[in-house]
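Report on the structure
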Amino acid sequence: MSSLSAKIQDVFNEPACDKNCGKDAKARKEGCSKPLTPGAAAGGCAFDGAKIVLQPITDVAHLVHAPLACEGNSWDNRGAASSGATLWRTSFTTDLTELDVVMGQGERKLFKAIREIKEAYAPPAIFVYSTCVTALIGDDIEAVCKRAGEKFGLAVVPVNAPGLAGSKNLGNKLAAEALLEHVIGTVEPDDAGPYDINILGEFNLSGEFWLVKPLLDRLGIRVRACIPGDARYLDVASAHRARAAMMVCSTALINLARKMEERWDIPFFEGSFYGITDTSEALRNIAELLVKKGADPEILARTETLIAQEEAIAWKKLEAYRRRLQGKRLVLNTGGVKSWSIVHALMEIGIEIVGTSVKKSTLEDKERIKQDDNHMFEQMAARDLYAMLSEGKADIMLSGGRTQFIALKAKTPWLDINQERQHPYAGYDGMVELVRQIDLAIHNPIWRQVREPAPWDCQPAMKDEPPSTTSGTASLHALKKFTGTTPTISASVEETR
Ligand code: SF4
């Protein structure tokens, strides 16, 4: 645990994090998570965060060293997609019992599980996750992984992020530390080139990175490693030979980007593939960084040509929705997809933004949103959100699954824009898809029916009927309407009410 606490302090000291730099030494030691509010959702634990970051590496076996429940906690909770390998979708756990704990069988069981996985699946690597129970009983997963790796001749990577270490976000960063310590730089590629890049913090949700990759292919830019979305172990292990990197989600993997720059001189920038302007900006920045690292400057002109073509196509496609969406009011209440670029594109086609959450937006994003739209909020209480929607102040809410029922209760169309979403929204085509989904959600005929009063609420009250809201009374209404008579309720039924 002492090496773990040293690692945690190192992660808390992240110099590339703006928020962290603004804190004093004492606040920095306390980390990033706020004290929990009673009644509010707490988010995942550090193990959960580590698993979220690493599980999309698709040809790896992810083995959770814990009682069964930990694996259930995070299993398959995001829609990351794979273009080939499927091993990551198989759940592996040592399923520790009380007896194993009492008899000190944890490490032995772990070693046996690694052997079974190696024999049954022969993966290029096994990632072993520590959890609260195995950390508390003192199982030395680093030693077991080292021994098993030597014996079985494969990479066995310890991921030391037990839930009790802290928040999900801390777990994200500890996962990055595991990659830095045990994976990246362990394989030398024989095809490194001047147009190789890494994409960090991209999860390929609903396969959305596949809307961006063809653009890079057309520019002759090769994605050496996309970490973690649709990644393969060998790509991640050779990621240190990329010439530049783009960091998509800074809150998750800022330490990975910074340390890769320090160790292997891979410059990075923070960008987004959400929205038209941000996608263009990201392509431009990638090309510029590659040129700085020795690529032929002609790529800059080719990038501009591609941007001009793709933007023109995207705006033309979006124009088709203007008539249907002009004047519609939208609330954007989301943690992940929240960039100014999306707000900007939606406003361009006539959608009115009546609320934008900026909880996880960058300072630059906040400034840009402020110029276009003055309805920013850090966080809105569920009660206020419900009041806003039920008063009809918005035609649709875009948010994560956690707040979907607020919208549905307020009979307001809702679209999932967070990690569980079903549709890809990245790149130029992703922006068009987002607008298409907004259109479909708003104009879905179900909303007209849902907002109509229930048939029994339209019936005039009948003098001789006892006031009741039971479904039995509703049935009696229906029966009377059908037969024209008031049915008699037998004494025994009456007594049971
Ligand atoms: S690691 Fe700890 S906090 Fe996380 S799911 Fe397991 S027991 Fe719960």
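Computed from a predicted structure; not experimentally measured. (Residues numbered from 1 in each chain as written. Predicted model: local features only at pLDDT ≥ 70, side-chain atom pairs only at ≥ 80, totals over all residues. Heavy atoms only, no water.)

A short note on the side chain of T58
Along the chain, T58 falls in the loop between α4 (46–54) and β1 (61–64). When its relative accessible area of 0% is taken as the criterion, T58 is described as buried. Within the local environment of T58, its side chain forms a polar contact with the side chain of R232, the two groups lying 2.7 Å apart. Sequence-distant contacts of T58, that is, excluding residues within four places in its chain, are made with S82, A85, T86, L87, W88, D230, A231 and R232. (Helix = DSSP H or I, 4+ residues; strand = E, 2+ residues; numbered from the N terminus. Buried < 20%, exposed > 50% of the residue type's maximum accessible area, 1.4 Å probe, protein only. Polar contact = N/O pair within 3.5 Å; in protein donor to acceptor, adjacent residues only side chain to side chain. Contact = heavy atoms within 4.5 Å.)

Examining the packing of helix α15 (residues 298–319) against helix α21 (residues 427–442)
A packed helix pair is summarised by two numbers, namely the angle formed by the two axes and the spacing between the axes. For the pair α15 and α21, interaxial distance at closest approach is 9 Å and the crossing angle is 10 degrees. The orientation of α15 relative to α21 falls into the category roughly parallel. Together, I307, E310, E311, A314, K317 and L318 of α15 and Y428, D429, M431, V432 and V435 of α21 make up the contact between the two elements. Classifying every residue of the contact of α15 with α21 by side-chain character gives seven nonpolar, no polar and four charged. (Axes fitted to C-alpha atoms, helices over the stretch in contact; angles between N-to-C directions. Parallel < 35°, antiparallel > 145°, perpendicular 65-115°, else oblique. Nonpolar A, V, L, I, M, F, W, Y, C, P; charged D, E, K, R; others polar.)

As for the sheet that holds strand β6 (residues 222–228)
If you walk across this open sheet you meet the four strands as β6-β5-β7-β8, and the pairing is parallel. Of all the strands in the sheet, just β6 and β8 (268–270) have a single pairing partner and so form its edges. When the angles between neighbouring strand axes are averaged without regard to direction, this sheet yields 20 degrees. In terms of strand pairing, strand β7 (residues 244–247) meets β8 through three bridges, oriented parallel. In the strand pairing of β8, M247 is matched with E270. (Pairing = 2+ DSSP bridges.)

Some thoughts on the environment of E310
Assignment of secondary structure puts E310 in helix α15. You can call E310 buried: its relative accessible area is 12%.

Remarks on the pattern of salt bridges
Taken as a whole and assessed by the stated rule, the structure comprises 25 salt bridges. Measuring nitrogen to oxygen at the nearest pair gives 3.6 Å for the salt bridge that ties E150 to K146. Remark: K146 and E150 occur in helix α9 (residues 141–152); sequence separation between them is four residues, near one turn of the helix. Taking relative accessible area as the criterion, K146 reaches 57% and is therefore assigned exposed. Shared partners join several salt bridges into a network, and the residues in it are D191, D196, R222 and R224. (Salt bridge = Lys/Arg side-chain N within 4 Å of Asp/Glu carboxyl O.)

Concerning the sheet that holds strand β4 (residues 155–159)
Read across the sheet, four strands follow the order β2-β1-β3-β4 without closing on themselves; strand pairing throughout is parallel. The strands lining the two open edges of the sheet, one partner per strand, are β2 (92–93) and β4. As defined by bridge partners, strand β3 (residues 125–129) adjoins β4 across five bridges and the pair is classed as parallel. Residue pairing in the sheet places I126 in a bridge with V156 of β4. Docked against the sheet, α4 engages β1, β3 and β4, running at close to 165 degrees with respect to β3. The strands touched by α9 within the sheet are β3 and β4, with β4 carrying the most contacts at an inclination of about 175 degrees.

A look at α9
With 12 residues, α9 should reach 16 Å at 1.5 Å per residue; the first-to-last C-alpha distance of 16 Å fits that figure. If you follow the buried residues of α9, they end up packed against α7 (106–121), β3 and β4. Positive backbone phi, at 65 degrees, marks G153, one or two positions downstream of α9. (Expected span 1.5 Å × (residues − 1).)

Some thoughts on unusual backbone geometry
Residue I227 is joined to P228 through a cis peptide bond whose omega torsion reads 5 degrees. Secondary-structure assignment places P228 in strand β6. Of note, the phi angle at D265 is positive, near 60 degrees, even though the residue is not glycine. Relative to the elements of secondary structure, D265 occurs in the loop between α13 (250–264) and β8.

Structural notes on the confidence of the model for the protein chain
With 79% of its residues at a pLDDT of 70 or more, the protein chain shows a mean pLDDT of 85. Predicted confidence is poor over residues 469–497, with pLDDT under 50, and the contacts of this stretch with residues over four places away or in other chains come to 18 contacts. (pLDDT = per-residue confidence, 0-100.)

Describing the packing of aromatic side chains
Within this structure, the stated rule accounts for five aromatic pairs. On the numbers, 6.1 Å between centres and 80 degrees between planes, the contact of F47 with Y129 is edge-to-face. Here F47 is found in helix α4, whereas its partner Y129 is found in strand β3, with 82 residues between them in sequence. When the ring of F92 is compared with that of Y121, the centres are 5.2 Å apart and the planes differ by 80 degrees; the resulting orientation is edge-to-face. Note that F92 is positioned in strand β2 and Y121 in helix α7, a separation of 29 residues in sequence. Sitting over the ring of Y129, K51 keeps its end group 5.9 Å from the ring centre. (Phe/Tyr/Trp six-rings, centres within 6.5 Å; stacked < 30°, edge-to-face > 60°. Lys NZ or Arg CZ within 6 Å of the ring centre and 35° of its normal.)

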